[in-house]
Amino acid sequence: MNEVLKCIELTKSYKPGQVVLDKLNFIVPPGKIFGLLGPNGCGKSTLLKLISGILVPDSGSIEICGIKRSAETNALISYLPERTYFNSWMHVDQLIEFFSEFYSDFDANVAKNMLSDLGVDTRSRLKTLSKGTKEKVQLILVMSRKASLYLLDEPIGGVDPAARDYILKTILGNYSPESSVIITTHLISDIEEILDEFAFMGFAGTILESGNAETVRNEKGKSINELFKEVFRCSENF
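Attention here is on the structure that accompanies the text. Here the structure is a predicted model, which means the values were calculated and not measured.

## A look at the sheet that holds strand β2 (residues 18–28)
So, step 1. Read across the sheet, four strands follow the order β2-β1-β4-β5 without closing on themselves; strand pairing throughout is antiparallel. Only two strands of the sheet have a single neighbouring strand rather than two, namely β2 and β5 (67–68).
So, step 2. Note: strand β1 (residues 5–15) against strand β4 (residues 59–64), five bridges, orientation antiparallel. By the bridge assignment, Thr-11 is partnered in β4 with Ser-59.
So, step 3. In the packing of helix α1 (residues 44–52) onto the sheet, the strands contacted are β1, β2 and β4, and the crossing angle to β1 comes to about 115 degrees.

## Brief notes about the nonpolar core
So, step 1. Within the largest apolar cluster, 52 residues are counted, with the highest numbers of intra-cluster contacts made by Leu-141, Leu-152, Ile-171 and Phe-200.
So, step 2. Of the residues forming this core, the biggest block, six residues, is contributed by helix α4 (residues 131–143).
So, step 3. The residues contacting Leu-152, other than those within four sequence positions of it, are Leu-48, Leu-80, Leu-139, Val-142, Met-143, Leu-172, Val-181, Ile-182, Ile-183 and Thr-184.
So, step 4. If you look at the next biggest cluster of nonpolar residues, it comprises 26 residues, including Leu-5, Cys-7, Leu-48 and Leu-151.

## Some remarks on helix α2 (residues 92–102)
So, step 1. Listing the buried residues of α2 in full gives Val-92, Leu-95, Ile-96 and Phe-99. Along the long axis of α2, the arc covered by the buried residues comes to 100 degrees, so they all point the same way.
So, step 2. Next to the buried residues of α2 lie α3 (108–117) and α4.

## Considering the pairing of β1
So, step 1. Of the strand pairs in this sheet, β1 and β2 are connected by seven bridges, and their pairing is antiparallel. Bridge pairing in β2 links Leu-5 to Val-28.

## A look at the side chain of Arg-69
So, step 1. Mapped onto the elements, Arg-69 comes out in the loop between β5 and β6 (77–80).
So, step 2. The buried charged residue Arg-69 lacks any salt bridge, with Glu-72 as its nearest oppositely charged partner at 9.8 Å.
So, step 3. Not counting residues up to four positions away in its chain, the partners in contact with Arg-69 are Leu-50, Ile-51, Ser-52, Gly-53, Ile-62, Glu-63, Asn-74 and Ile-77.

## Looking at the environment of Asn-2
So, step 1. Within the secondary structure, Asn-2 is located in the segment before β1.
So, step 2. Under the relative-accessibility criterion, Asn-2 is labelled exposed at 67%.
So, step 3. For Asn-2 and Glu-226, which are 224 residues apart along the polypeptide, the C-alpha to C-alpha distance reads 31 Å.
So, step 4. The contacts of Asn-2, once residues within four sequence positions are left out, are Pro-29 and Pro-30.

## Details of the sheet that holds strand β9 (residues 197–201)
So, step 1. Pairing is mixed in the open sheet, where six strands are placed in the order β6-β7-β8-β3-β9-β10. Lying at the two open borders of the sheet, with one neighbouring strand each, are β6 and β10 (207–212). Strand-to-strand, the axes of this sheet are offset by a mean angle of 10 degrees, without reference to chain direction.
So, step 2. Set on the sheet, α1 makes contact with β3 (33–37), β6, β7 (149–153), β8 (180–184) and β9; between it and β7 the angle comes to about 150 degrees.

Procedures and definitions
- Residues numbered from 1 in each chain as written.
- Predicted model: local features only at pLDDT ≥ 70, side-chain atom pairs only at ≥ 80, totals over all residues.
- Heavy atoms only, no water.
- Pairing = 2+ DSSP bridges.
- Helix = DSSP H or I, 4+ residues; strand = E, 2+ residues; numbered from the N terminus.
- Contact = heavy atoms within 4.5 Å.
- Axes fitted to C-alpha atoms, helices over the stretch in contact; angles between N-to-C directions.
- Core = buried A, V, L, I, M, F, W, Y, C linked by side-chain atoms within 4.5 Å.
- Buried < 20%, exposed > 50% of the residue type's maximum accessible area, 1.4 Å probe, protein only.
- Arc of directions from axis to C-beta.
- Lys, Arg positive; Asp, Glu negative; His and termini not counted.
- Salt bridge = Lys/Arg side-chain N within 4 Å of Asp/Glu carboxyl O.

Just distances and angles here, no functional claims.
See the structure below:
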């Protein structure tokens, strides 16, 4: 497999004159944690929704593991939206049962072990949990699938700092070496140590800079967070 994800000339507008993505070309190789980084409103969430099939592009193409974006590719993707979408009346153990029935690649034991490590009582009703705990539950369920591509939209935005280290090292490390993870976040310094690749997205889906995270740090002597600030400070798109 050459690429887990391949987007060619991808274009999306929500209304005439409001182009969100303009002929975006975007490739993610297998076995990588990829940071998709950029200011609010630049099209990051829109791109993830297009990849997952929630939105349909105006033009261009998307391939997942060499297969054109279709109902068939839905089984290859595990998607975490920015907002919690579970019904608040459900208990956590009901969500585990729901995922087990709905996704053939879901590992309930992995989910239960990670929830236990973070002190989440699976008997709890979702509406009784804090925003951060709800995010932990949702992320764990998403990462307990054996998918080829994980799409994580702001996965640690509301999570307390004490839990972030576990999430980054354990939960995000719990995926197949052949799979890839795309993370969008504004907390670049928190996720930087786990990133393999990165791309800085400007408005209308322009990729301002991309590359291997370790190579950039070694060659430029800057963290990805420092480079991000420099690129967007100099960019007319910011």
